[in-house]
Amino acid sequence: MASTNKSTFPIPSSLQDLEREPYNLLPYPAGFADDDEAARADSFDGLVTLLERGNRTLASGGMTLFEEAEEEQDGTCSDEGAFDPWMDEERVQAMYTLVRKSSSLAPSTRKRLISATCQAVQSLSTILGSSDTESSSEDQIEPTSNTGTQSSSATAVVSQSFRDALACHLYMLFSIMHFTESESKSSKALNVGTTTTGGGGGRGKKISAKEQERRAEAAELATSRETCARAMLVAAQAMSRHTNRLWKRGVPDEDVVNLPCRIAYQMLEGATGVVARRACSGTEALGMIAATVNSADSLLSTVVAALVDLLCSYEHMAPLVAELCCMVNERPTNRLATELLREIGRMDMSGPAVEGTAAAGAGGKASGVRNVAPFLSELASRRPRLVLAQISLVLPHLDSEPY
């Protein structure tokens, strides 16, 4: 990457964009051995080892690593790389190569990659929370007469290098989860383990080696999804709790804080039942969206549009969205539920669909009510006073021909 006075990691449109400006990463790092399969596997193992070593440094150094990096950037630092000493170009290059080739990695290597990425995200989230706590403790010790110093410490913001590290690792985790969700859908792994083989009684047909391998892969995939979901939820909650500590003037970077929501939508698409919801980590997905709604008001319209689209497309989404409305901050009002009801009220089920509206997402037909109506019923049973107070928003919808 080209040298800059302030390191930034803007969220790219796609993973392949990391090979362009301003990132300029390579498909493989310099010195990557690719002579044969054995050498290739050893090279991938070496890259994962590099990430694990960096995680140990992060765990021991904490926020101090990024404070030192900020001092160097403010001074006369003239290094070629634009990354800080901990998240150097070698680490970012290794992550990109491993994530890009994650689907073809050996199972053990892929497991280590997921573990290292999740550990880094969780460590960064923990450091953010602990630094905020330390700052608050220092404020309480200071004399009450020194109000100016108290205010300055209370609103102290982490360095840009820390935000870059968090954004980079969050995006890499998002990419891994995106590939995992795509793999799960293509192989229909959610249904594995819910079907039985053989006839009744104690002796069924012997499970073939291929079937055993398929089940083992499905189990490994489920474990990976759960690990990634927990790490992403921790990050979403940390960004929600420590908004003023993480972002300048408390204004979040929408591209970064929206990453948990983007993957949560994909996860919820497969949560068609109790078993599938557990396999999809549906509860964690709802938690990610709730944390984002609570901390980023500017993303509310984007979240509402995505949820309405899911409601119109999947029958199982009604109780999930109603549950989500009960998870967000409801003081002074439940803005998520209110905006959802307002958007539903704008859906014209009887007339022709207008491109770009919710009615178009529902197919512009009365059959869209089949998915929306259960949500109104679920929300009314969970929050009757809320629905009654906002009944005027959905009256146009309830007055349509299907009802």
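Above this note sits the structure.
Residues numbered from 1 in each chain as written. Predicted model: local features only at pLDDT ≥ 70, side-chain atom pairs only at ≥ 80, totals over all residues. Heavy atoms only, no water.

(A) Representation of the overall build of the protein chain in the model. Looking only at helices and strands, the protein chain features 19 helices and zero strands. Going through the 403 residues of the protein chain one by one, you find that 47% of them count as buried. Contacts spanning at least 24 positions in sequence make up 74% of the contacts within the protein chain whose residues lie at least 6 apart. (Helix = DSSP H or I, 4+ residues; strand = E, 2+ residues; numbered from the N terminus. Buried < 20%, exposed > 50% of the residue type's maximum accessible area, 1.4 Å probe, protein only. Contact = heavy atoms within 4.5 Å.)

(B) The arrangement of a nonpolar patch on the surface in detail. Taken together, the side chains of Leu388, Ile391, Leu395 and Leu398 define a hydrophobic patch exposed on the protein surface, amounting to about 350 Å² of accessible area. A per-element tally of the nonpolar patch places helix H19 (residues 391-398) first, with three residues. Residue classification places Leu398 among the partly exposed residues on the basis of a relative accessible area of 32%. (Patch = residues over 30% accessible without salt bridge, like charges linked within 9 Å, V, L, I, M, F, W, Y side chains within 5 Å. Areas by Shrake-Rupley, 256 points an atom, 1.4 Å probe, with all protein chains shown as cover. Salt bridge = Lys/Arg side-chain N within 4 Å of Asp/Glu carboxyl O.)

(C) Layout of the nonpolar core. Ile289, Leu307, Leu336 and Phe375 are the most contacted members of the largest nonpolar core, which has 108 residues in total. Counting residues per element, this core draws most heavily on helix H6 (residues 160-187), at 12 residues. The contact partners of Leu336, leaving out residues within four places of it in the chain, are Val293, Leu300, Val303, Val304, Leu307, Leu324, Cys325 and Val328. (Core = buried A, V, L, I, M, F, W, Y, C linked by side-chain atoms within 4.5 Å.)

(D) Here's a closer look at the pattern of salt bridges. Enumeration according to the criterion identifies 15 salt bridges in this entry. Residue Lys185 pairs with Glu269 through a salt bridge whose shortest N-O separation is 2.6 Å. In this pair, Lys185 sits in helix H6 while Glu269 sits in helix H10 (residues 259-269), placing the two residues 84 residues apart along the sequence. For Glu269, a relative accessible area of 23% corresponds to the partly exposed category. Linking Arg230 and Glu226 is a salt bridge whose minimum nitrogen-to-oxygen distance equals 2.5 Å. In this pair, Arg230 and Glu226 are both assigned in helix H7 (residues 209-241), four residues apart and thus about one turn of the helix distant. Classification of Glu226 as partly exposed rests on a relative accessible area of 34%. Beyond isolated ion pairs, a larger network of salt bridges with shared partners links Asp45, Glu52 and Arg112.

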